[in-house]
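Structure assessment
Chain residues, written in single-letter form:
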Amino acid sequence: MNKIISYTTDVILTAKIVEHFSHAINKHIKNWESEVLHINNFLSNGLPKNVDAVATLGILRGSGHLLKEAAKKNIDRYYIDHAYFCAGYNGDCWLRISKNKHSVNYIKDVSNFRWENFFATKHCILPWKRFDERGKNILVIPPTNAICWYFNEYNWEKNILAELKTHLSEESFKNVRVRKKPNEPVVDSYGNYLGLQENTKIENIPLAEDLNNASIVIAYNSQVALDATLQGIPVIVNKHNSCFGLSFEITDLKKGLNNPAFDIEPNRLHLFKWLSYCQFNLNEIKSGFAWKTINNFQV
């Protein structure tokens, strides 16, 4: 019998989701048993010796430490977080669940069934934009403070800007726009959650306007890259981003924003169909369908 421990935090809403995930395994999945524990159990005692996998939602309040430790010990991780499409806890409560990944950063060939039935009518795929149809800005989306801690990427923004300065003309570099979250989760150097921090110095420009003005989007893990891809805007992203399989290279900017490479549309529908198989509504989590689909399709 394989053993998975599903870890909850003090956040009641997300704890309930983790509990549903765990109960579904016990009810519907053969040769697996799941135990629900509070994250404080891990923080006090570490991981039990007989555990084959862990599950949790988010990286705050100790969950990030859990995922790091499980990865170090080569224990499977089922990571739950906001969905790629129709994100939010209301309604159907869609959530992405990634096995051994923060986001799935590869693409597999799957049917269009889930995309067409659940998401296509709500997420319009706009035509791919050529250079003269895009805006002028290079929109940079840095990781939040919490993500910087989790992936040890405190210098990502500084390094990206330095690299852009070497690849772009002085005139083009003036069009670099860094967009930060108005409110971002903040942790201390040990990963302890300190709360949401309001970024008072940022311009309060709607995301839709920023994307309309963008020629290209450069992001770490942000879902903005997926929004841009839906709108036909080329993206350059980190390996922890769901759009990694369609990403251009930052060195492509050496030839300028009018590099013909950016005008060639990647296979976006291939990505959207695949992501549809990597997120699940609450009923699918409760029925065990999510677990079965993850382990049938995800690497």
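The following refers to the structure shown.

1. Some remarks on the environment of N259
Relative to the helices and strands, N259 is located in the loop between β11 (235-237) and α10 (268-276). A relative accessible area of 5% means that N259 is categorised as buried. Residues N259 and F131 lie 128 residues apart in sequence; the distance between their C-alpha atoms is 8.2 Å.

2. Describing the sheet that holds β11
Pairing between the strands of a sheet is mediated by backbone hydrogen bonds and can be parallel or antiparallel. In spatial order, the strands read β7-β6-β10-β11; together these 4 strands make up an open sheet with parallel pairing. On the outer flanks of this sheet lie β7 (176-178) and β11, each paired with one strand and no other. Direction aside, the axes of adjacent strands within the sheet are offset by 20 degrees on average. With 3 bridges connecting them, strand β6 (residues 137-141) and β7 associate as parallel partners.

3. Some words on the pattern of salt bridges
Following the criterion strictly, the structure yields 13 salt bridges and no others. K16 is the partner of E19 in a salt bridge, and the nearest nitrogen-oxygen pair spans 3.9 Å. With a gap of 3 residues between them, E19 and K16 both fall in helix α1 (residues 12-28), about one helical turn apart. With relative accessibility at 24%, the residue E19 sits in the partly exposed group. Take K16: its relative accessible area is 45%, and that puts it in the partly exposed class. One salt bridge connects D263 with R134, and the closest N-O pair in it is separated by 3.5 Å. Here D263 is found in the loop between β11 and α10, whereas its partner R134 is found in the loop between α4 (113-119) and β6, with 129 residues between them in sequence. Across this residue pair, the class does not change: D263 and R134 are buried. By sharing partners, the salt bridges in this structure join E69, K72 and K73 into a single network.

4. Comments concerning the packing of aromatic side chains
Per the counting criterion, the structure on display carries 21 aromatic pairs. Three or more aromatic residues joined by ring pairs form one cluster here, namely F85, W94, W115, F118, F119 and F272. When the ring centre of W149 is taken as origin, the NZ or CZ atom of K68, which lies over that ring, is 4.2 Å away.

5. Focus: α10
Most of α10 sits out of view: 7 of its 9 residues are buried. If you check which residues of α10 are buried, you get R268, L271, F272, K273, W274, L275 and S276. Here the buried face of α10 lies against α4, α9 (224-230), β12 (279-280) and α12 (289-297).

6. Description of the nonpolar core
Among the nonpolar cores identified, the biggest contains 31 residues, and F85, V217, L226, W274 and L275 are the most heavily contacted of them. Of all the secondary-structure elements, those providing two or more residues to this core are α4, β6, β10 (214-219), α9, β11 and α10. Broken down by element, the residue count for this core peaks at 5 residues, all from α9. Setting aside residues no more than four positions away along its own chain, W274 makes contact with V104, Y106, I107, K108, V110, F297 and Q298. Membership of the second largest hydrophobic core comes to 27 residues, among which are L60, V140, Y150 and I218.

Conventions used here
- In this convention, every chain numbers its residues from 1, walking through the sequence in written order.
- In view of the model being predicted, local features appear only for residues whose pLDDT reaches at least 70, and side-chain atom pairs are presented and counted only at 80 or more, with totals across whole chains, interfaces and linings using the full set of residues.
- The basis for the side-chain values is all heavy atoms of the structure; hydrogens and waters are excluded.
- Labels follow the DSSP assignment, with helices taken as runs of H or I lasting at least four residues and strands as runs of E lasting at least two, numbered in each case from the N terminus.
- Only protein chains enter the accessibility calculation, which uses a 1.4 Å probe; a residue is then buried when its area is under 20% of its type maximum, exposed when over 50%, and partly exposed in between.
- At least two bridges found by DSSP between two strands is the condition for calling them paired.
- Between N-to-C directions, angles span 0 to 180 degrees; the directions come from axes that are lines fitted to C-alpha atoms, helices contributing only their stretch in contact.
- The term salt bridge refers to a side-chain nitrogen of Lys or Arg lying within 4 Å of a carboxyl oxygen of Asp or Glu.
- Stacked, tilted and edge-to-face are the three classes assigned to paired rings of Phe, Tyr and Trp, where Trp is represented by its six-membered ring and a pair needs centres within 6.5 Å; plane angles under 30 degrees give stacked, over 60 edge-to-face, the rest tilted.
- Think of it as a cone above the ring: NZ of Lys or CZ of Arg counts as a charge over the ring if it is within 6 Å of the ring centre and within 35 degrees of the ring normal.
- Contacts are residue-level and defined by heavy atoms, with any inter-residue pair within 4.5 Å sufficient.
- We call a set of buried residues a nonpolar core when its members are Ala, Val, Leu, Ile, Met, Phe, Trp, Tyr or Cys and they connect through side-chain atoms within 4.5 Å of each other.

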